[in-house]
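Coordinates in review
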Amino acid sequence: MPRFLQGLRAFGGLTLLLASQPAWSTSPAALPALRAESCSVRGLMDQLREGLRSNSKAYRDYLNAVLREAAVSLPSGELHAAFDRETDPAMVEQLAAALVARSEREAEKDAIQAVARRALEDRDPSVRAATVRAMRRTGALEKTGDMYERLMRDGSPEVRMEAAQNLIEDNQYVYSAHHGPATDLAVNAATASTDPKVTARILESLDTRKMGPEAGQKLLGMLGHESADVRRSAALALGSVPAAQMGPAREALVGMYRGERDAGVRKALVQGIAELGFADAVPELRKLRSVDPAMAPEIDAWIRALESGVQEWGLLLREKQRLQQVR
Amino acid sequence: MRHMKKKALAVILALAVPSVAAAYSYTVKSPFPGTVTATTYYSSGTFHGALDISSGRCNYWGVETGVMASLSWNVTIRTSGVYCNGTGSGTQNEAKHAFSNGRTFRLWHFIKTSDSYDRTCNRCQVGNEGGTGNATGPHVHVQYDQSGSNLTGWYSGYTTKGEAVDRSETIGVIN
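So, here's what we can say about the structure. (Residues numbered from 1 in each chain as written. Chains lettered and ligands numbered in written order. Predicted model: local features only at pLDDT ≥ 70, side-chain atom pairs only at ≥ 80, totals over all residues.)

Right, let's get into unusual backbone geometry. With glycine set apart, most residues show a phi of negative sign, and most peptide bonds adopt trans. The backbone phi angle of R137 of chain A is positive, close to 60°, even though this residue is not glycine. Its location among the elements puts R137 of chain A in the loop between α7 (125-134) and α8 (140-143). With phi around 85°, H109 of chain B is a residue other than glycine that occupies positive phi space. For H109 of chain B, the position within the fold is in the loop between β7 (103-108) and β8 (119-121). (Helix = DSSP H or I, 4+ residues; strand = E, 2+ residues; numbered from the N terminus.)

By a frequent convention, interface size equals the accessible area lost on bringing the separate parts together. Facing 16 residues of chain A, the contacting portion of chain B comprises 13 residues. Among the elements that take part in the side of chain A that touches chain B, helix α10 (residues 157-174) of chain A stands out by supplying three residues, more than any other. Split into classes, the residues belonging to the side of chain A that touches chain B amount to four nonpolar, six polar and six charged. (Contact = placed C-beta atoms within 7 Å. Nonpolar A, V, L, I, M, F, W, Y, C, P; charged D, E, K, R; others polar.)

We now examine helix α5 (residues 89-104) of chain A. Residue and element names in this part refer to chain A. A rise of 1.5 Å per residue sets the reference length of α5, with its 16 residues, at 22 Å; its end C-alpha atoms lie 22 Å apart and thus fit the reference within 8%. Counting buried residues in α5 gives 13 out of 16 residues, a clear majority hidden from the surface. Two residues or fewer after α5 comes E106, characterised by a positive phi angle close to 65°. (Expected span 1.5 Å × (residues − 1). Buried ≥ 20, exposed ≤ 12 C-beta atoms within 10 Å, placed from the backbone.)

Next up on the list: the environment of V132 of chain A. Inspection of the secondary structure puts V132 of chain A in helix α7. V132 of chain A gets classed as buried once you count the C-beta atoms within 10 Å, which come to 30.

Moving on to the nonpolar core. Where a protein is soluble and globular, its nonpolar side chains tend to be buried together. Counting residues in each nonpolar core, the largest one holds 118 residues, and the members touching the most others are A96, L99, V115 and I202 of chain A. Setting aside its immediate chain neighbours within four residues, V115 of chain A contacts A96, L99, V100, T131, A134 and M135 of chain A. (Core = buried A, V, L, I, M, F, W, Y, C linked by C-beta atoms within 7 Å.)

Below is the structure:
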């Protein structure tokens, strides 16, 4: 049977009678007896287990998509029981994704709580990581209380990094950087983490345009972190803060530049200052040019880019890169 | 000949590998079963730049957000009560999601229900089909815009005026 038919048979939620043989095929006596087949969560899991072994990423993606769509009509009790029983991380991720989909489609709003519980409490770090992945690009950070702050303290680096990736992608794709509480939660989680790699990962990718003042203060505090990676990512994150927080952010970045020794952090500080001020940052950058001669080419590139009159940050970044390449 | 094959393979690979910076796109399904009654232009020739979908029934079908993804939705209620044939320009109820690329996806004209509130969800209901705002009958206006200009490419090729659609029907792709 072709794979797509197997998928349909597994996920359709219908009792399918396998297609009868056409008139031109061999005689009925030579064929196996046709049987009606009921679809169930168990049957679906068997199909999934088989499908996930496929070498085709497209087919695996297809299975994921069909499962998430079918999740709304699957029997809740059976799905929860299967999720609770399952221990294979790959299958746990699929079943967790189905429960999360039920929650996101509002077929069963609290279904995500079972997934969050397992993400926090399962003994196997691979299972915890898998359940965290299943909550990516969903409304999990609004619906799971302090889960992300607790995940930041998870004993497994893999789990911590998966949680960080969720915070980044949720802010970028679910909230499109327009939801202050989501940004604040990501900043709070980043500052609560004791793993500098995780803190840096979250902050370097975070758009802070809607960040609240309290989270802004925490972010400013990260400029004094002992890890250069964290200081660098905090400087980048401060570049996009809301207008009300721009003044203190600019002062902090300029003040820190003179005492900072790490070249990577200095580059990030200059970028943060440029993003906060656009063309108005040019006089400040000229003043900083003499502090470290090694940074002069970097600052010059920023000054030329900012003086080009480009008004969008994405285009400015590209212009600055272009100017450095043609130098 | 061998070199030519290698070059051809390299070109094919270069075309096949997606750009790292490729934009993310979302499929949009119909918010309820109905018919597409207007697309880029009204029959009068006036620019519309959006999709109007109507079932012809007022306060019957729940309006789903349509975009196949978990998104945070901002629901603005400007008119309470059941209205099917218009309440005046600018008074429509609206559900919208503002994307970080500066584009905004909007649904207009629905009737306020207990489901009309801000939340993050995937194709959830935000009200019932109705005619709040500038409307002459119950329908939903589905719009994707940037800097005050309505975008039309997102539905072109996916649906046309007169097409019957249900909630499983793709009416466009936004990115």
